[in-house]
Amino acid sequence: KQMSNSSSFTEFLLLAFADTRELQLLHFWLFLGIYLAALVGNSLIITAIACDHHLHTPMYFFLLNLSFLDLGSISTTVPKAMANSLWDIRAISYLGCATQVFFFFFLFTAEYSLLTVMAYDRYLAICKPLHYGTLLGSRACVHMAAAAWGSGFLYALLHTANIFSLPLCHGNVVETFFCEIPQILKLSCSDSDYLREVGLFVTGSFFGLGCFIFVVVSYVQIFRVLLRIPSENGWHKAFSMCLPHMAVLSVFISTGMFAYLKPPSFFSPAIDLVVAILYAVLPPVVNPLIYSMRNQELKKAVWRLMTG
């Protein structure tokens, strides 16, 4: 289905994971397992935080938002890939592709902004404990979460409107399992439009870099304070709050930047696929594990929920 421009086709073709029926079904079951793990993990965290009044604090409020974003982002990409493997199809409608791009970018950007806000929360909790309650009241928390969701929405709107106004003349085959902006950009005819989209990415990267520098500075301050804590218990509690967050953020940033900022000349379907899975599929599955395994309060709340 190689078409001349975007007006003459009504669908895109996604990457087929395998040619044989057995391997397609294996991919379906594998993705189903991953999807169910993400659904169960994030739903448990959401329910535990909502139902347990001990967890009605800023840190858990932000974690609740993170779980909602994770549920949304994995639901944007994985069910369609599962359906394609199950029914041996590759097509996604033009509108479906635009919707996938919008929601994935919206939730991805909002999650990154929220992880930055969570670093600020950790900084205040450890470095300014006496002012924590006044600086992070319920209204401030709601405003920060709303800013994270709002920035994601606006940035996604900008990118989606721009990318789907580009004339596409290099066919309609997207070389990954969901509609991803760098892959659609490869189909663009016009260099000037391509550069406009790259300009948007560079602007976004400055915002991302600013957030990353803010997070690093926050953690430098946190670890300076931790080194002065005499008790081992204080050390353990503070590290169990910070290390999961650092791990999640590192994987999220490194894979996301590689996917969106690598030069077009660097093309390897296998590496692109691995990177797409690392930043699009893995965080929603791993986040609940990372945050709950290192957090005793949350573990107890989830256990209370499961045992009634």
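Residues numbered from 1 in each chain as written. Predicted model: local features only at pLDDT ≥ 70, side-chain atom pairs only at ≥ 80, totals over all residues. Heavy atoms only, no water.

## Quick word on the overall build of the chain
- Counting secondary structure elements, the chain contains 10 helices and 2 strands.
- N-terminal to C-terminal, the α/β element order of the chain is β-α-α-β-α-α-α-α-α-α-α-α.
- Against the globule reference of 19 Å for 308 residues, the chain gives a C-alpha radius of gyration of 21 Å, in line with a compact fold.
- Based on the C-alpha atoms only, the size of the chain along its principal axes is roughly 65 × 45 × 30 Å.
- A total of 308 residues make up the chain; the buried ones form 48% of that total.
- Restricting the contact set of the chain to residue pairs at least 6 apart, pairs at least 24 apart contribute 78%.
- Surface summary for the chain: the accessible area is close to 14800 Å², and the carbon and sulfur share equals 71%. (Helix = DSSP H or I, 4+ residues; strand = E, 2+ residues; numbered from the N terminus. Rg over C-alpha atoms; globule rule 2.2 N^0.38 Å. Buried < 20%, exposed > 50% of the residue type's maximum accessible area, 1.4 Å probe, protein only. Contact = heavy atoms within 4.5 Å. Areas by Shrake-Rupley, 256 points an atom, 1.4 Å probe, with all protein chains shown as cover.)

## Describing the pattern of salt bridges
- Per the counting criterion, the structure on display carries 2 salt bridges.
- Of the charged contacts, one joins Asp52 and Arg304 as a salt bridge, the two residues approaching to 2.4 Å between their closest N and O atoms. Pair noted here: Asp52 is in the loop between helix 1 (21-51) and helix 2 (58-87) and Arg304 is in helix 10 (residues 296-307), with a separation of 252 residues, a long-range link.
- On the accessibility criterion, Asp52 (9% relative accessible area) is buried.
- With relative accessibility at 42%, the residue Arg304 sits in the partly exposed group.
- Between Asp121 and Arg122 there is a salt bridge, with the nearest N and O atoms lying 3.3 Å from each other. In this structure, Asp121 and Arg122 share a single accessibility class: buried. (Salt bridge = Lys/Arg side-chain N within 4 Å of Asp/Glu carboxyl O.)

## Notes on the side chain of Asp52
- Polar side-chain contacts of Asp52 include one of 2.9 Å to the side chain of His54.
- A polar contact of 2.4 Å, which involves the side chain of Asp52, links it to the side chain of Arg304.
- Filtering out sequence-adjacent residues up to four positions away, Asp52 remains in contact with Ala301 and Arg304. (Polar contact = N/O pair within 3.5 Å; in protein donor to acceptor, adjacent residues only side chain to side chain.)

## Let's talk about the state of the cysteines
- Taken as a whole and judged by the stated rule, the model has 1 disulfide.
- Across the disulfide, Cys97 is cross-linked to Cys179 (sulfur-sulfur distance 2.0 Å). Note on the Cys97 and Cys179 pair: the S-S dihedral is about -120°, so by sign convention the disulfide is left-handed. Of this pair, Cys97 sits in helix 3 (residues 94-127) while Cys179 sits in the loop between helix 5 (138-163) and helix 6 (181-185), and the two are 82 residues apart along the sequence.
- Overall, the relative accessible area of 0% leaves Cys97 in the buried class. (Disulfide = S-S within 2.5 Å.)

## A look at unusual backbone geometry
- In this structure, Asp88 takes a positive phi of about 55° despite not being glycine.
- Structurally, Asp88 is set in the loop between helix 2 and strand 2 (91-93).

## Some thoughts on helix 1
- With 31 residues, helix 1 ought to run about 45 Å at 1.5 Å a step, and its terminal C-alpha atoms sit 44 Å apart, in line with that.
- Taken together, the buried positions of helix 1 are occupied by Gln24, Phe28, Phe31, Tyr35, Ala38, Gly41, Asn42, Ile45, Ile46, Ala48 and Ile49. (Expected span 1.5 Å × (residues − 1).)

## Observations regarding helix 5
- The first and last C-alpha atoms of helix 5 sit 38 Å apart over 26 residues, in line with the 38 Å expected at 1.5 Å per residue.
- Every buried residue belonging to helix 5 is among Cys141, Ala145, Ala148, Gly152, Tyr155, Ala156, His159, Thr160, Asn162 and Ile163, and all of these are buried.

## Thoughts on a nonpolar patch on the surface
- The grouping of Val202, Phe206, Leu209, Phe212, Ile213, Val216, Val217 and Val220 at the surface amounts to a nonpolar patch, some 690 Å² of accessible area in total.
- Within the secondary structure, Val216 is located in helix 7 (residues 191-226). (Patch = residues over 30% accessible without salt bridge, like charges linked within 9 Å, V, L, I, M, F, W, Y side chains within 5 Å.)

## As for the UniProt feature "transmembrane region" (unreviewed entry) in the chain
- The UniProt record marks residues 28-51, 91-115, 136-158, 200-226, 238-260 and 266-290 with the feature "transmembrane region" (unreviewed entry), using the residue numbering of this structure.
- In the segment residues 136-158, helix accounts for 91% and strand for 0%; the C-alpha atoms at its two ends are 31 Å apart.
- Here residues 200-226 runs as 100% helix and 0% strand, with 39 Å between its end C-alpha atoms. (UniProt positions renumbered as here; feature names shortened; annotations may be inferred.)

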